[in-house]
Amino acid sequence: MLQPAGVLGAVLLTCGLSTVAAAQQVTAPSQDPGPPPASQPAPRDDGRAQYPIGLADSFFSLNVGYIDYAFSQQQLEPGYRAGSIAVPHLAARAVLFGHHFGRHVSAQASYMRPVVYVKYRDLDGSDASQSVWMHFGTATLLSRLPVGRRLTVYGEGGLAITSRRGFDLGGAPALKDARFASVLLGGGLEYRLAPTLDLVVGGAYIPARSKDSQPATVFTSAGVRYTMRPLPAARVAETVAAGYRFPANLVQAGYSTDAIGFGVNNFLSQTVPVFWGGKVEVSRSLISVQYQRNLFHTKKVFGFDVGTAFTEWRSRQNDRFRTLSVYPLARFTFLRLKPADVYASYSVAGPTYISRVVIDGLHTGSHFTFQDFMALGLFIGPQRRLNVEINMNHYSNGNILTENAGVKIPLAFKLGYAF
């Protein structure tokens, strides 16, 4: 479930791993096996030191700002009253993936939510309070008009999916759930800070929907956007010449078990919120295989992969279900030693088919969900063929559906072969 602390934690974790990796290059050169000896063949450019088609000119961004929707007594069912209604306004919007089709047209998919939900207090004269969960998924086109060397004006339009989870009182709905698609309109300004970095200031509007008694939503924000611009030939040549190994393919088989409990899951989703938990708890995996393909890597530290995974699971109450996922993966090889390379990896929002919707009596939403995982691992041996990994997994729909119990997967232990 995409909690704001978890999203922020993931960003901080990524930045922290990058910092550790950079420090390792400077502080421990004696441990680094370095580029191949002169006796070995010169490294060959296999195309992975440059952004491939589909990634080049793609981007992601994070915006923080002010959200406003006029929640009132009107959203409550007849016969219910609230003593007061709190409408917090801090919200965030993350563009999970976008692409520039030239200078004037872009497309993007994003996820938007308030940091703190609307709360109805002192319901029906009692001290009871209930929250209204609000989440938005969007897919939009941007029309962009440069008005200077660094400044661009843009307009935005497309689809917004609004998901509202209400609440019950006395076993009856007091504020009903709602989920619907509508238009999103917006616009703003972009200012080029660097060739790959833009400051984006703007707003978005989702109209009211009287059928569900949903007020209009207005979101104004500022944030930064990072674009993966094609790299210069000299930088590509430097990466290739360095000769650090980034396996092109990785096949893994694994086993997950709750024998050691969910302490690590809970610590990383609650105490240090860089990951997500879930109400459905898995007992073990029955079959678990996955394949990853490296698409791009930098000189020494960062690699971007795509992967696919199939697993059959057994829940703690003995429900069996299967998942089939495709996913993006960021891998940070933060320590390179003679016997092994050590890495951390993180994957978010991998589209997934899940075979059961209700597991252990809990509703997970639909057969479409998302996979997230994080891992620590090693590539071992002179050719870095053997792979060992500890992995922690999670499935949920990110609250784009009103039902979203979330599936918590215990630690998995994986063996792999890289080639």
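Right above here is the structure, for reference.
Residues numbered from 1 in each chain as written. Predicted model: local features only at pLDDT ≥ 70, side-chain atom pairs only at ≥ 80, totals over all residues. Heavy atoms only, no water.

(A) Focus on the packing of aromatic side chains. Scanning the model with the defined rule gives 13 aromatic pairs in all. On the basis of an interplanar angle of 10° and a centroid distance of 5.0 Å, the ring pair of Tyr 117 and Trp 133 is categorised as stacked. Residue Tyr 117 is found in the loop between strand 4 (105-114) and strand 5 (118-123), and its partner Trp 133 is found in strand 6 (residues 130-146); the two are separated by 16 residues along the sequence. Aromatic side chains Tyr 417 and Phe 419 sit 6.0 Å apart centroid to centroid with 20° between the ring planes, which places their arrangement in the stacked category. Through a chain of ring-to-ring contacts, the aromatic side chains of Phe 275, Trp 276 and Tyr 346 assemble into a single cluster. The ring of Tyr 343 has Arg 331 lying over it, and the distance from NZ or CZ to the ring centre is 4.7 Å. Across from the ring centre of Phe 262, 5.1 Å away, lies the NZ or CZ of Lys 408, which sits over that ring. (Phe/Tyr/Trp six-rings, centres within 6.5 Å; stacked < 30°, edge-to-face > 60°. Helix = DSSP H or I, 4+ residues; strand = E, 2+ residues; numbered from the N terminus. Lys NZ or Arg CZ within 6 Å of the ring centre and 35° of its normal.)

(B) Geometry of the pairing of strand 20 (residues 368-380). Judged from the 12 bridges that link them, strand 17 (residues 340-354) and strand 20 form a sheet pairing that is antiparallel. Opposite Ala 344, over in strand 20, you have Leu 376 as the bridge partner. Linking strand 20 to strand 21 (residues 386-396), which pair antiparallel, is a turn of 5 residues; within it Gly 381 sits at a positive phi near 100°. (Pairing = 2+ DSSP bridges.)

(C) Geometry of helix 3 (residues 263-271). All buried positions along helix 3 are accounted for by Asn 265, Leu 268 and Ser 269. Considered in projection along helix 3, the buried side chains sweep an arc of 90° and stay on one side of the axis. Along helix 3, exposed side chains directed more than 90 degrees from the buried face belong to Gln 270 and Thr 271. If you follow the buried residues of helix 3, they end up packed against strand 20, strand 21 and strand 22 (407-418). (Buried < 20%, exposed > 50% of the residue type's maximum accessible area, 1.4 Å probe, protein only. Arc of directions from axis to C-beta. Contact = heavy atoms within 4.5 Å.)

No statement about biological role is implied by the geometric values presented.
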